[in-house]
Structure formats: structure tokens, C-alpha cells
Amino acid sequence: MKFRYDGHIYIKVNFDDKIRGNFIYDTGAPMLVIDTLFYKKNPFRFKEIQFAEMGGVGNTMQTVKLVKDTIQYETKFGIEKSGYNILMDLKNILGKNIDGIAGVESFDKKPHKINYISKHISQVKKIKGFEKIIIEYDDYRIFVPISIQINDSTKVVGKFLLDLGSNTTTLVKNSMNINSVKKINYISRGGAGGESSGNTFYAEKLSIGKFIIKHFPIDMSKDTLGAMASNLYLGKIGNDLLDDFDVILDLPNKNLFLRPNKNFNKNPSFLFKGFSFIDRTDINQGWRVATIYEESDAYKSGLRINDQITSINDKSVYSMDKVKILQKLEPNQQLKIQILRDNEILFFNFILNTFLVNEK
């Protein structure tokens, strides 16, 4: 099964010959989640729908639709049936490319390998040359033992939620004392729970199984509610950690297998960018600022969460490729941004400054 990767894993999901979509493979979610706009544009026929409250990353709850119909869908691995499904506005959180989420129930029946380099997911029968890590798998949640050494005096050891729907590794609020660590502050649109915030810092090392990743960037959430305020785990590990490996998930036997790939211990420098955005050009909303760091020159110049970016360096974002633009950004690059905020056009000029140094 091929996938597209931009920090999230996008796979193809078919409901019948007429309904096909791009779904994120998300081990942080148990069930099938369908975007409301994708639902409205396609001939779904659900009979049992009721309203429910749902949380996630962020400090609030949102009203979603709970679909009790059994939905049959198909991936390259075969036909699945889901009897517990959610309709929610995913595009507002993750952008125009998402049509839904395929939760862990779509992949928990047979061992499968995720190859981040070739961008393939494949079923496996024989496992050789991998490090085995015993995991917990309970109620559709996957917990992995992790050790994080912040500095000489601060260390945390415990279980982390395996969340392939996330592109960051994040500690829950107050899971350790990071007062002695150089850190920066971020504000984010969050996930299902709305706006979120926290700190980012470099850990001295992160240990998973026998493997050690040095100087790894980690977030610590400040959320008081939702998924990142849970006392069931110390944090979540995302694709920023896992894409250093070839990964095999063997949920029937409660094992995780890892083998370093060519990305291992080559953590990219990304913090100079200062902000991230989601692409909402499909509904004429430009690129929405999704995360921003308060120490960045972009924030100090006036750029804020939810600002609607309409042009960069006098070029309309409606004619740009988001992924290619992100790949071309470099430290100390000058940007001129035009945004729309509360029906007012504003311009900001700033430099993509390095505001947290990876001190190796």
C-alpha cells in the first residue's frame, strides 16, 4: 500500500466504486472518522446518526456526529467494517487534503510494516533484523515504553501513546520539570479539542528499545484538558520519531519492531521557520496559520494563529504548492506575507530566524 507523507501518513480508502478518499492512518484514533465536507459531497447513506461531544488535543470539546451504522470500507489490505464512526470537520484542522481518518482498528489484525523511505505499508509474515519492543495494546490504544533524558539531572521513564496521527512527540502537562532547560513557547490550532499551547526544547537523548536518538526536539503541552492532559500516559510519540525507523506493528502479539533507516539520528532543523500553516485554498481561505512560536521573528512582527495567508513574497498562495514551499524555506530568509484578518488586509515582513539552537 503506497502512502503520501508530509508528517502524516495518507492512504487511499474506498467505500465503493464511487466514493474514494485520502485518509490519515492514525493509531491515536480507534475508529473511522469522516470529514463532514467529504460526507456531504458524496452519496453516503447513513440512518443512525446522533450528536456527541468529543475531545482530543486542545482544551475544549466539540460537537460531532456519531454514526452507528456499520460502514464497510476497503484499503489495499482488504475489506473492513466499522460499527462506531464519527463525522467531524477535519479539513478545518488539517487542511484540504484530508477526507478522513482510518483508526487503529483498520490495521490491528495482522502485522504490517511502515517504510517511511519508500512510503509503503506492507503486511509481513517473517520478521528478521528488527529490534523487538513489548508494548501494551488495550481498548485500541497502543502504549510504548520510552526513556527521555532531558539533562544530567532530569529523566522520565514510562509509557507513551503511539500516535501515528501526530507529527510531533509531546509530553503531557507537568510530566517532568523542564525549568532548567532552554525552551520556547508555541501556540497551536490544536486538534479535535481546539487551541493548544506548550513549550519546545531539545532533550539530551531519547531511548526506545536499544536505540538512542540524541538531541531530539520534544514538545511539552500546557493543556489542562483533553488528550495531552491525560494521566494514563506520559506523552505521545509521533511520526517525527518513528520516521527514523522501518516500523513493524504486530498488534495481535503486542509487539513493536524497529530497524533504523537512513534518517536515523538526522533530526532536521525546522525551528527557524517559526510557524506552520494548513492549506484551505479549496474554500478560498488561503493558508491558515496553524502553529506559531512566540520567540520567532514572524510572531514578533505581528503574525498570529488563524491568520489567512493570501500571498508570500508577492506571489499568491493559490498558485503555490505548500509542500514544495516548505522544503525551500531556509534560515535567515526574508519573507513578505500578506494576510487577511477580520476582513482587514495586513502585511508583515520578517526573517526566518533560528530561535532555539540544537546544542550538540
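Refer to the structure printed above.
Residues numbered from 1 in each chain as written. Predicted model: local features only at pLDDT ≥ 70, side-chain atom pairs only at ≥ 80, totals over all residues. Heavy atoms only, no water.

### Comments concerning unusual backbone geometry
Turning to step 1, where the next piece is worked out: Of note in this structure, His-215 is not a glycine but carries a positive phi near 50 degrees.
Turning to step 2, where the next piece is worked out: In this structure, His-215 sits in strand S20 (residues 211-221). (Helix = DSSP H or I, 4+ residues; strand = E, 2+ residues; numbered from the N terminus.)

### Concerning the environment of Phe-350
Turning to step 1, where the next piece is worked out: Looking at the element boundaries, Phe-350 is found in strand S29 (residues 344-351).
Turning to step 2, where the next piece is worked out: Accessibility expressed as a relative area gives 1% for Phe-350, which makes it buried.
Turning to step 3, where the next piece is worked out: Remark: the alpha-carbon pair of Phe-350 and Gly-165, spanning 185 residues in sequence, is separated by 31 Å.
Turning to step 4, where the next piece is worked out: Apart from residues no more than four positions distant in its own chain, Phe-350 is found in contact with Phe-275, Asp-297, Ala-298, Ser-301, Leu-303, Gln-333, Gln-334, Leu-335 and Ile-337. (Buried < 20%, exposed > 50% of the residue type's maximum accessible area, 1.4 Å probe, protein only. Contact = heavy atoms within 4.5 Å.)

### Quick word on the pairing of strand S16 (residues 154-162)
Turning to step 1, where the next piece is worked out: Sheet topology places strand S15 (residues 141-151) next to S16; eight bridges connect them, and they run antiparallel. Each bridged residue has a counterpart across the sheet, and for Phe-143 the counterpart in S16 is Leu-161.
Turning to step 2, where the next piece is worked out: Between S15 and S16, which pair antiparallel one after the other, the connecting turn spans two residues.
Turning to step 3, where the next piece is worked out: Two strands pair when backbone bridges link them, and S16 and strand S21 (residues 235-237) are joined in this way by three bridges, in the parallel orientation. (Pairing = 2+ DSSP bridges.)

### Details of the sheet that holds strand S22 (residues 245-250)
Strand pairing in a sheet takes place through backbone hydrogen bonds and is either antiparallel or parallel in direction.
Turning to step 1, where the next piece is worked out: Across the sheet, which stays open at both edges, the five strands sit in the order S12-S11-S22-S23-S13 with antiparallel pairing between neighbours. Each edge of the sheet is formed by a strand with only one pairing partner; in this case those strands are strand S12 (120-123) and strand S13 (131-134). Within the sheet, the average angular offset between the axes of one strand and its neighbour, ignoring direction, is 20 degrees.
Turning to step 2, where the next piece is worked out: Two strands pair when backbone bridges link them, and S13 and strand S23 (residues 255-260) are joined in this way by four bridges, in the antiparallel orientation. Following the sheet pairing, Ile-133 is matched in S23 by Leu-256. (Axes fitted to C-alpha atoms, helices over the stretch in contact; angles between N-to-C directions.)

### Considering the pattern of salt bridges
Turning to step 1, where the next piece is worked out: The final tally for this structure, using the stated rule, is nine salt bridges.
Turning to step 2, where the next piece is worked out: Among the salt bridges present, the one from Asp-99 reaches Lys-91, with a minimum N-O distance of 3.1 Å. Each of the two residues, Asp-99 as well as Lys-91, counts as buried.
Turning to step 3, where the next piece is worked out: Between Asp-246 and Arg-259 there is a salt bridge, with the nearest N and O atoms lying 3.2 Å from each other. Of this pair, Asp-246 sits in strand S22 while Arg-259 sits in strand S23, and the two are 13 residues apart along the sequence.
Turning to step 4, where the next piece is worked out: One salt-bridge network, in which partners are shared between bridges, spans Glu-80, Asp-108 and Lys-109. (Salt bridge = Lys/Arg side-chain N within 4 Å of Asp/Glu carboxyl O.)

### Looking at the nonpolar core
Turning to step 1, where the next piece is worked out: Judged by nonpolar contacts, the single largest core of 59 residues is most densely connected at Ile-11, Phe-15, Ile-34, Val-144, Ile-148 and Ile-208.
Turning to step 2, where the next piece is worked out: What Ile-148 contacts, discounting residues up to four positions off in sequence, is Thr-154, Lys-155, Val-156, Phe-160, Leu-171, Met-176, Ala-203, Lys-205, Leu-206 and Ile-218.
Turning to step 3, where the next piece is worked out: With 23 residues, the next largest nonpolar core counts Trp-287, Ile-305, Val-317 and Met-320 among its residues. (Core = buried A, V, L, I, M, F, W, Y, C linked by side-chain atoms within 4.5 Å.)

### A look at the side chain of Thr-200
Turning to step 1, where the next piece is worked out: Its location among the elements puts Thr-200 in strand S19 (residues 194-208).
Turning to step 2, where the next piece is worked out: Judged by relative accessible area, Thr-200 falls into the buried class, the value being 1%.
Turning to step 3, where the next piece is worked out: Of the polar contacts made by the side chain of Thr-200, one reaches the side chain of Tyr-293; its length is 3.1 Å.
Turning to step 4, where the next piece is worked out: Leaving out residues up to four positions away in the same chain, Thr-200 has contacts with Lys-182, Lys-183, Ile-184, Tyr-186, Ile-218, Asp-219, Leu-271, Tyr-293 and Leu-356. (Polar contact = N/O pair within 3.5 Å; in protein donor to acceptor, adjacent residues only side chain to side chain.)

### Notes on the packing of aromatic side chains
Turning to step 1, where the next piece is worked out: Within the structure shown, the criterion is met by 22 aromatic pairs.
Turning to step 2, where the next piece is worked out: Look at Tyr-186 and Tyr-293: their rings are 6.2 Å apart centre to centre, the planes differ by 70 degrees, and that puts the pair in the edge-to-face class. With a gap of 107 residues between them, Tyr-186 in strand S18 (residues 183-191) and Tyr-293 in strand S25 (residues 287-293) connect regions that are remote in the sequence.
Turning to step 3, where the next piece is worked out: Since its relative accessible area comes to 8%, Tyr-186 is described here as buried.
Turning to step 4, where the next piece is worked out: Taken together, a centroid distance of 6.1 Å and an interplanar angle of 45 degrees make the contact between Phe-275 and Phe-277 tilted. For the residue pair Phe-275 and Phe-277, the accessibility class agrees, reading buried in each case.
Turning to step 5, where the next piece is worked out: Each member of the aromatic cluster is reached from another via a ring pair, and the members are Phe-15, Phe-23, Phe-38, Tyr-39, Phe-44, Phe-46 and Tyr-73. (Phe/Tyr/Trp six-rings, centres within 6.5 Å; stacked < 30°, edge-to-face > 60°.)

### Digging into the pairing of strand S4 (residues 32-35)
Turning to step 1, where the next piece is worked out: Here S4 shows no split at all, with Leu-32 and Ile-34 on one side and Val-33 and Asp-35 on the other all buried.
Turning to step 2, where the next piece is worked out: When S4 meets strand S9 (residues 85-88), the two strands line up parallel, connected through four bridges. Residue pairing for S9: Val-33 is matched across the bridge by Ile-86.
Turning to step 3, where the next piece is worked out: Here S4 pairs with strand S10 (residues 100-102) via three bridges, running antiparallel. What sits directly across from Leu-32, in S10, is Ala-102.

### A few points about the environment of Asp-279
Turning to step 1, where the next piece is worked out: Here Asp-279 shows up in strand S24 (residues 275-279).
Turning to step 2, where the next piece is worked out: Judged by its relative accessible area of 8%, Asp-279 falls in the buried class.
Turning to step 3, where the next piece is worked out: For the pair Asp-279 and Val-317, spaced 38 residues apart in the sequence, the C-alpha separation amounts to 9.1 Å.
Turning to step 4, where the next piece is worked out: Residues contacting Asp-279, with those up to four places away along its chain left out, are Gly-95, Lys-96, Gly-286, Trp-287 and Lys-322.

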